[in-house]
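# Descriptive analysis of the structure
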Amino acid sequence: MVVKINENYLLLQNSYLFAEIAKRVEKFQEENPNKDIIKMGIGDVTKPLSPTVIKAFKDAVDEMGDPNHFMGYGPEQGYAFLQEAIIKHDFNPLGIDLDIDEVFVSDGAKCDTGNIQEIFSNDCVVAITDPVYPVYVDTNVMAGRTGPINESGEDEGRYDGLVYLPCTEENDFVPELPKEDVDLIYLCFPNNPTGTTLNKDQLSKFVKYAQDNQAIILFDAAYEKFITEDDVPHSIYEIEGAKEVAIEFRSFSKTAGFTGTRCAYTVVPKELKAYDSEGNKQSINKLWNRRQTTKFNGVSYPVQRAAEATFSESGKKETEENIAYYMKNAEVIKNSLEKIGLKVYGGINSPYIWIKTPNNMDSWDFFDLLLNEANVVGTPGAGFGPSGEGYLRLTAFNTLENTKEAMKRLSKLSF
Ligand code: PLP
């Protein structure tokens, strides 16, 4: 007998995007050792944890060394102090009420958005927006919900069995409702990679689709804190009836600089139901609770105290200042690129700027041009899905100085 593997893994595309970027950058640097490269492809924050967060973090670490305050295993769902702070600060001001057991604290929106599909049947039909955060696609491929990817033809770059909802210049980055019957719809707004958003009316149409078709929306709101415009929903639960059809994912990563500290949460309302094969209604909240308590042992106590501190008065102020710093970068990028005649999207409610490549250049050619001529690194849109071809993503996570320098260099190029 030999050990067999889960062959669904063989259907995955090699995650060559960031490896290929690194290879090209390395080669360029070797050939041009004196050139100063500015990296604007990074999806990681650069500002450190704020002083209030660090103080709470350190105090909690001290508690861990004190025999009277030491904390062992915590509740898998998170400590009540953090769940309560999340509800009070992230939802109540929006007019949304949640029970404490509807909030599941975790160590990342990546894991949660990746793991959530486990509690749904393997025959569920999955829809994703295109371009997309790759985790939603790959985790469904691993689970066997797709066929192979098409290597050519009009479906090139698409997996058989997945429903793609293109978001491009042509539809103003607003996905159409699925034409076919789908069960699970991943939506991420503000969007990575396009930086665009849906307004309340546009998001309401998806909620109505889900209600009418008994579908469930998996709503990734990791960039919610970057929203600056009034009509953009911060939570899907701002839309009436959404608790019956949606799960929402949030993260402290980009919001408060927790990418290396790890804390996030997922809201699974008790109203949300799906069916077993005999047609009985089952609670999704109960299933997710069962999944988490079996496979996850909670986020560490000091990290949860640090996350709680982001909601204190000074924590909030410092967090908002950091976000404003990144959004100033986004504004600099957007204005500079528009001045040189490029079409630019996003950057108003998110730290991502999505550039339409000039003269119908393909994503990788535009990437090479920016690297060779301006020594600026972006991320080719094609790496996020077939509808990303013809675009390139820049992020606002660098320093203001570097951002300005990068824009100065780009302004000297002619397209
Ligand atoms: N969701 C989206 C859309 C993201 O872009 C990212 C990170 O880049 C994540 C989730 C991951 O968040 P976390 O750091 O909480 O795992």
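Residues numbered from 1 in each chain as written. Predicted model: local features only at pLDDT ≥ 70, side-chain atom pairs only at ≥ 80, totals over all residues. Heavy atoms only, no water.

Another aspect to go through is the domain arrangement of the protein. Segmenting the protein into domains produces domain 1 (7-48 + 314-411) and domain 2 (55-312). Each of domain 1 and domain 2 has a C-alpha centre, and these two points are 25 Å apart. Both faces combined, the contact of domain 1 with domain 2 buries some 3300 Å², and carbon together with sulfur accounts for 59% of it. The tally of links between domain 1 and domain 2 comes to 1 salt bridge. Applying the counting criterion to the domain 1 and domain 2 interface returns 21 residue pairs in polar contact (both at pLDDT 80 or more). Looking at the side of domain 1 that touches domain 2, the elements that each hand over two or more residues are α10 (313-339), β11 (344-346), β12 (352-356) and β15 (391-395). It is α10 that provides the largest number of residues to the side of domain 1 that touches domain 2, a total of 7 residues. Considering only residue class, the side of domain 1 that touches domain 2 consists of 16 nonpolar, 13 polar and 5 charged. (Domains from an automatic or database assignment. Buried area = accessible area lost by both parts, 1.4 Å probe. Salt bridge = Lys/Arg side-chain N within 4 Å of Asp/Glu carboxyl O. Polar contact = N/O pair within 3.5 Å; in protein donor to acceptor, adjacent residues only side chain to side chain. Helix = DSSP H or I, 4+ residues; strand = E, 2+ residues; numbered from the N terminus. Nonpolar A, V, L, I, M, F, W, Y, C, P; charged D, E, K, R; others polar.)

Below, the discussion takes up helix α12 (residues 400-411). The periodicity of an α-helix, 3.6 residues per turn, causes residues three or four places apart in sequence to face the same way. Across its 12 residues, α12 extends 16 Å between first and last C-alpha, which sits within 8% of the 16 Å expected from 1.5 Å per residue. Taken together, the buried positions of α12 are Leu 400, Thr 403, Ala 406, Met 407, Arg 409 and Leu 410. Buried residues belonging to α12 abut β1 (38-39), α10, α11 (363-374), β13 (376-377) and β15. (Expected span 1.5 Å × (residues − 1). Buried < 20%, exposed > 50% of the residue type's maximum accessible area, 1.4 Å probe, protein only. Contact = heavy atoms within 4.5 Å.)

A word on the sheet that holds strand β5 (residues 184-188). Strand order in the open sheet formed by 7 strands is β2-β8-β7-β6-β5-β3-β4, with mixed pairing between adjacent strands. The open sheet has two free edges, formed respectively by β2 (103-106) and β4 (163-166), since each of these has just one partner strand. Here the average twist between neighbouring strands, direction ignored, is 20 degrees. Across 3 bridges, strand β3 (residues 126-130) lies against β5 in parallel orientation. The partner of Val 126 across the bridge, within β5, is Leu 184. Contacts from helix α3 (residues 80-91) reach β2, β7 (246-251) and β8 (264-267), with the element oriented near 115 degrees to β2. (Pairing = 2+ DSSP bridges. Axes fitted to C-alpha atoms, helices over the stretch in contact; angles between N-to-C directions.)

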